[in-house]
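Listed below are the residues making up each chain.
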Amino acid sequence: MENTGRLYGVGLGPGDPELITVKAARLIGEADVIAYHAARHGRSIARSIARPYLREGQIEELLLYPLTTETTDHPGGYQGALDDFYVECAARLAAHLDAGRTVVVLSEGDPLFYGSYMHMHKRLAHRYPTEVVPGVTSISGASAVLGRPLVERDETLTVLPGTLPGEVLAEKLRATDSAAVLKLGRTFEKVRDALAEAGRLDDAWYVERATMDAQRVAPLKDVDPEGVPYFSLALLPSPAEHTFVPEKPAGQGPGEVVVVGLGPAGRPWLTPEAQDALAAATDLVGYGPYVDRVQPNPRQRRHRTDNRVEAERARHALEMARDGARVAVVSSGDPGVFAMASAVLEAASDFPDVPVRVVPGLTAAQAVAGRVGAPLGHDYCVLSLSDLLKPWEVVADRLRAAARADLVLALYNPASRSRTWQVGAARDLLLEHREPGTPVVIGRDVGGPRESITVTTLAGLDPADVDMRCLLIIGSSTTRVSESGAVYTPRRYPA
């Protein structure tokens, strides 16, 4: 077995070459031998589908059926003639496998779903290494081009060959929710009569050569039996497809506001819950650069605003939700940390019927801490150095309290274009309570294209190195910098 080739039964899908799987395309291109079945005219639909993936120099084995529907004088009758044919085909492929060649047998649709390949599989799979590569079935292709679901919830789908007796077809069609009847061709009129007898004809659809250039879709009752090919099927879609849920008109009942944390930067920092909330939104609201971080979606409306209009932004989001919109208000980091969640919840008191929920995000403090190690490993305090919404005296009192309590500090909003002195003032205040060598981490644009991390000391902290894109972490008395440069605060506090 070590020197033998490998056999692949490869599904090609319903007809469109672009519906071939990536694996099928690769195997077709790599194979030494390409085998395919055809009727006596020699034209192979399977080969025509696979043609874009074939390469020069491959051996092709045309497996030409000795008969299709005509009569035969074979002593074993029709089935006997086919059995001999399959034995001969298997022997031809076995010769290649014995020589160590890789053999791909092409199969329309799926190899083990009414496919010709299965006859080779039954005769060779126990003798050679074999793999079956599934393909999109004709039923899936027909449902897709028809644009109607096959089954929903607990409905049942019945797959039937049109070669069954008419009374059997009618009985099974009566007993199922959805159905696909294959192998039409000369059986078309019998299948149509069975659908009528089962009371299902008005719901039945005819799909011919699904996904191919010659594709045709029509109500089955309107189809002329003359010229119906073998590659066609009858489809009874899900009965539930007749039940449509009307869209809620604008202004009839509230939508929802979801305040979404985007994390510090980029999609890798976005939680699955946040991604889901963004995908479900009809409207995005937020500070312009934050809205720009969400991948554009043409069905969504984007409302970019200045960073200084939080209250107006919150009311706008709530007003749209009151009128039926699903609004995502976006914030960098976590929306509950110096961000939009508070503003939205404060404004929401005037919109009692509008649901509001908050989806957390990875904070800037966590992102910066993770880049250097574990400086937040013990108790810590989060403060904003901005004095735009509170007096500097309050900021200073809180800095002193945190310093006296020996807490690690994560300082947000340390500087801006108009606020340049607060960092120096905070450093001098903290030096009244902390050693000059206390570790300080300056994290700038963490996760972004201009990310930088600087580890310095409290005495060495230069306000000129800090801007609006930065977050500072000021260590406690126990915070350490290891020989490798990692910054950490031990879990155990000295007695």
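In the block above lies the structure referred to throughout.
Here goes a summary of the coordinates provided. Since we're looking at a predicted model, the values are computed, not measured.

### A look at unusual backbone geometry
No. 1: Positioned with a positive phi, Tyr114 is a non-glycine residue whose angle comes to about 50 degrees.
No. 2: On the secondary structure map, Tyr114 appears in the loop between strand E4 (103–107) and helix H4 (117–124).
No. 3: Residue Tyr114 is classed as partly exposed on the basis of its relative accessible area of 39%.
No. 4: Although it is not a glycine, Arg209 adopts a positive phi angle of roughly 50 degrees.
No. 5: Counting through the fold element by element, Arg209 comes out in the loop between strand E8 (205–208) and strand E9 (216–219).
No. 6: Judged by relative accessible area, Arg209 falls into the partly exposed class, the value being 31%.

### Brief notes about empty space enclosed by the protein
No. 1: Enumeration over the complete set of coordinates arrives at 1 cavity of 30 Å³ or more.
No. 2: By volume, the largest cavity is sized at about 30 Å³.
No. 3: If you go around the largest cavity, the residues you meet are Leu385, Leu411, Val423, Ala426, Arg427, Leu430, Leu461, Leu472 and Ile474.
No. 4: Among the secondary structure elements, those contributing two or more residues to the lining of the largest cavity are helix H14 (422–431) and strand E21 (470–474).

### Topic: the packing of helix H3 (residues 77–98) against H4
No. 1: Look at H3 against H4: their axes get within 9 Å of each other, and the N-to-C directions meet at 65 degrees. For the crossing formed where H3 meets H4, the hand is right-handed. Touching Asp83, Tyr86, Val87, Cys89, Ala90, Leu93, Ala94 and Leu97 of H3 are His119, Met120, Arg123 and Leu124, all from H4.
No. 2: Looking at side-chain class alone, the contact of H3 with H4 contains 9 nonpolar, 1 polar and 2 charged residues.

### Focus on the sheet that holds strand E2 (residues 33–38)
No. 1: The 5 strands are arranged E3-E2-E4-E1-E5 in an open sheet whose pairing can be described as parallel. If you trace the sheet from one side to the other, it starts and ends with strand E3 (59–64) and strand E5 (130–133), each paired once. When the angles between neighbouring strand axes are averaged without regard to direction, this sheet yields 20 degrees.
No. 2: Pairing of E2 with E4, which is carried by 3 bridges, proceeds in the parallel orientation. Its bridge partner being in E4, Ala35 is matched across the sheet by Val105.
No. 3: Packed onto the sheet, helix H1 (residues 22–30) meets strand E1 (7–11), E2, E4 and E5 and runs at close to 135 degrees relative to E1.
No. 4: Here H4 sits on the sheet and contacts E1, E4 and E5; the angle it forms with E5, its principal contact strand, is near 160 degrees.

### Let's talk about the sheet that holds E21
No. 1: Strands sit in the order E17-E18-E21-E19-E20 across an open sheet of 5 strands; the sheet is mixed. Every other strand in the sheet has two partners, leaving strand E17 (380–384) and strand E20 (452–457) as the edge strands with one partner each. Between one strand axis and the next, the sheet turns by 20 degrees as a mean value, whatever way the strands run.
No. 2: Bridge analysis of strand E19 (residues 439–444) against E21 gives 5 bridges, and the strand direction is antiparallel. Note on E21: the bridge partner recorded for Val440 is Ile474.
No. 3: Set on the sheet, helix H13 (residues 392–404) makes contact with E17 and strand E18 (408–412); between it and E17 the angle comes to about 165 degrees.

### Regarding the layout of surface pockets
The method is simple in principle: a probe with the dimensions of a water molecule rolls over the atoms, and the space it marks as empty is what remains.
No. 1: Roughly 1,700 Å³ of internal volume is contained in the second largest pocket.
No. 2: Put simply, the parts of the chain that give the lining of the second largest pocket at least two residues each are E2, helix H2 (45–50), H3, E4, H4, helix H5 (138–146) and strand E10 (232–236).

Rules of the game
Residues numbered from 1 in each chain as written. Predicted model: local features only at pLDDT ≥ 70, side-chain atom pairs only at ≥ 80, totals over all residues. Heavy atoms only, no water. Helix = DSSP H or I, 4+ residues; strand = E, 2+ residues; numbered from the N terminus. Buried < 20%, exposed > 50% of the residue type's maximum accessible area, 1.4 Å probe, protein only. 1 Å grid on protein atoms, 1.4 Å probe; cavity = no way out; pocket = protein on both sides within 12 Å on 5 of 7 lines; lining within 4 Å. Points joined across faces, edges and corners; volume = space filled by probe spheres on them. Axes fitted to C-alpha atoms, helices over the stretch in contact; angles between N-to-C directions. Left-handed = near helix turned anticlockwise from the far one by under 90°. Contact = heavy atoms within 4.5 Å. Nonpolar A, V, L, I, M, F, W, Y, C, P; charged D, E, K, R; others polar. Pairing = 2+ DSSP bridges.

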